[in-house]
Amino acid sequence: MICKELTIPLILEKTEALSGRIVHHHPKVPLIEKDLRKRKAGYNGESTVYYHLTFLKDKKYKIFYNVRLPIFSNHFQMDFLILTRFYILIIEVKNISGMVTIDPFIKQLTRTHKGVTEGFTDPVSQVQRYKLLLQKWFSTHKLKHPPIEHLVVFSNPSTTLNYTVSPAPDDPYKQIIHAQNVIDKIKEWNEKHPTTTVTDKELVKMKRLIIKRHVEPEMDILKAYSLTKSDILTGVRCENCQHIPMIRVSASWSCPKCRYSSKTSHIMAINEYFLLLNNHLTNSELRKFLHLQSRNTAYKILKSLPLNTKGGTKSVTYSIPPR
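All values reported here derive from a predicted model rather than from experimental measurement.

**Focus on the overall build of the chain**
No. 1: Scanning the chain from terminus to terminus reveals nine helices and 16 strands.
No. 2: Referenced to the eigenvectors of the C-alpha coordinate spread, the extents of the chain come out at roughly 70 × 55 × 35 Å.
No. 3: Relative to its full complement of 323 residues, the chain shows a buried share of 44%.
No. 4: Pairs at least 24 residues apart make up 63% of the contacts formed inside the chain by residues separated by at least 6 positions.
No. 5: Side chains of the chain carry 49 positive and 27 negative charges; the gap between the two charge centres is 9 Å.

**Brief notes about the layout of surface pockets**
No. 1: Roughly 1,400 Å³ of volume is contained in the largest pocket.
No. 2: K38, R39, G42, E46 and K94 are, among the 40 residues lining the largest pocket, the residues nearest its centre.
No. 3: Contributing elements (two or more residues each) for the lining of the largest pocket: α1 (10-21), α2 (29-53), β2 (62-71), β3 (74-83), β4 (88-94), β6 (108-113), β7 (116-120) and α3 (123-140).
No. 4: Broken down by element, the lining of the largest pocket gets its largest block of residues, nine residues, from α2.
No. 5: The space that makes up the second largest pocket amounts to roughly 680 Å³.
No. 6: Along the wall of the second largest pocket there are 24 residues; nearest its centre are L10, K14, E218, F274 and N279.
No. 7: When contributions to the lining of the second largest pocket are tallied by element, the ones reaching two or more residues are α1, α6 (221-224) and α7 (265-276).
No. 8: For the lining of the second largest pocket, the element with the most residues is α7, which contributes four residues.

**Re the packing of aromatic side chains**
No. 1: In this structure the tally under the stated criterion is seven aromatic pairs.
No. 2: Considering the side-chain rings of Y51 and F55, the 5.2 Å spacing of their centres and the 90° angle between planes classify their relative orientation as edge-to-face.
No. 3: Between Y65 and F80 the ring centres are 5.4 Å apart and the planes differ by 50°, which places this aromatic pair in the tilted class. Taken together, the residues Y65 in strand β2 and F80 in strand β3 connect sequence positions 15 residues apart.
No. 4: With a relative accessible area of 0%, Y65 lands in the buried category.
No. 5: An aromatic cluster of at least three residues, connected via ring pairs, comprises Y50, Y65 and F80.
No. 6: Above the plane of the ring of W189 lies K185, whose end atom (NZ or CZ) is 5.5 Å from the centre.

**Description of the environment of M1**
No. 1: Here M1 lies in the segment before β1 (2-4).
No. 2: Judged by relative accessible area, which is 36%, M1 ranks as partly exposed.
No. 3: In this structure, M1 is in contact with L56, D58, K59, Y61, K62, I63 and K207, ignoring residues within four places of it in sequence.

**Topic: the pattern of salt bridges**
No. 1: Going through the model one piece at a time under the given rule, you end up with eight salt bridges.
No. 2: The partner of K40 in a salt bridge is E16, and the shortest N-O contact between them spans 3.4 Å. Placement of K40 in helix α2 and of E16 in helix α1 is noted, with a sequence separation of 24 residues between them.
No. 3: According to the relative accessible area criterion, K40 is partly exposed, its value standing at 35%.
No. 4: Residue classification places E16 among the partly exposed residues on the basis of a relative accessible area of 37%.
No. 5: Salt-bridge contacts for E149 lead to K192; the nearest nitrogen and oxygen are separated by 3.0 Å. Within this pair, whereas E149 is found in strand β8 (residues 148-154), its partner K192 is found in helix α4 (residues 182-192), the two being separated by 43 residues in sequence.
No. 6: Look at E149 and you get buried, because its relative accessible area is 13%.

**Notes on the sheet that holds strand β16 (residues 317-319)**
No. 1: Spatially, β14-β16-β15 is the arrangement adopted by the three strands of the open sheet, whose pairing is antiparallel. Unpaired on one side and paired on the other, β14 (280-281) and β15 (308-310) mark the two borders of the sheet.
No. 2: Where β15 and β16 come together, three bridges link them in antiparallel fashion. Across the sheet, the residue bridging to T309 is Y318, located in β16.

About the thresholds
Per chain, the residues get numbers from 1 upward, laid out in the order the sequence is written. Local features in this predicted model are restricted to residues whose pLDDT is 70 or higher, and side-chain atom pairs enter the listing and the counts only when it is 80 or higher, whereas totals over whole chains, interfaces and linings include all residues. Side-chain calculation: all heavy atoms of the structure are included, whereas hydrogens and water are not. Secondary structure follows DSSP: runs of H or I at least 4 residues long count as helices, runs of E at least 2 residues long count as strands, and numbering of each begins at the N terminus. Any residue under 20% of the maximum accessible area for its type is buried, any over 50% is exposed, and the rest in between are partly exposed; the area is computed with a 1.4 Å probe on protein chains only. Whether two residues are in contact is decided by their heavy atoms, any of which lying within 4.5 Å being enough. The positive count covers Lys and Arg only, the negative count covers Asp and Glu only, and His and the chain ends enter neither. Charge coordinates come from a single atom per side chain, which is NZ of Lys, CZ of Arg, CG of Asp or CD of Glu. The pocket and cavity definitions rest on a 1 Å grid over protein atoms only: a 1.4 Å probe that fits but cannot leave marks a cavity, an open set with protein on both sides within 12 Å along at least five of seven lines marks a pocket, and residues lining either have an atom within 4 Å of a point. Grid points are joined across faces, edges and corners, and a volume is the space filled by probe spheres set on the points. Stacked, edge-to-face and tilted are the three classes for Phe, Tyr and Trp ring pairs, Trp counted by its six-membered ring, which pair at centre distances within 6.5 Å; planes under 30 degrees apart are stacked, over 60 edge-to-face, the rest tilted. Counting as a charge over the ring demands two things of the Lys NZ or Arg CZ atom: a distance within 6 Å of the ring centre and an angle within 35 degrees of the ring normal. For salt bridges, the criterion is a side-chain nitrogen of Lys or Arg within 4 Å of an Asp or Glu carboxyl oxygen. Two strands are counted as paired when DSSP detects at least two bridges linking them.

Coordinates in, geometry out; function isn't part of it.
Structure, rendered in structure tokens:
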């Protein structure tokens, strides 16, 4: 049972919007493009694992994607969390191509790809830390919980996994697999944990509290890259060739570069405004961002969208409903 579904991470949406609207000659462009590729790869890897997990049709599994929970003054985020009455499973997903070498002794992961070798954060240490934090989180909320297991899943089937030293059968470094094997691994844990340790009622309580306490990450994308509003290109972006700006012609948007025409291209532009600049806007701000002259046209566009409104007639602001 999927309790928290797969969605495109907000940080990926913001990075994608920034990539399409940053001034082309800006020195931060290479870094933004690198981060965008990395975040897309991460999401694609998680999508692969999510696909396999959807085959767990039994209602005894409570599956959460991308759960971020507060602990003391910080937060910790797990790619996948699976609750059962027998055990809990934390899954950390890695989408790394090439030949991956795992050194359990010095807790190091290196990847060799196209002749280049580079190091990565040790995923086993990472997921073990999440296990400890989840235990503390349950303890803080006085929740009884079953044993917590962890798993590192490599989503790219072409990735070659090697160990410098073969880990012992009970070593945490044994819990590293490819995505296509995740269901078989879960079946192994079903056999390992045949006894229930919590009731259905306690499991439902855990599920509800996790959903209630989940916190979406906040990120000022401009601040993260030391950018200002002046670095952002305004205007409606062509969905066909990415040219900015399109021109308003009657009730449509026309691209002066490729001649593409659309009645709805402003929707993407408004969404990018919310992702990059502010979580609300006024009629005046919309006209400035879309390069519109008519207040009435801007009003009609705003009223046609599923936006929340606040304030009086002359000072009304529009915002996206919470996720």
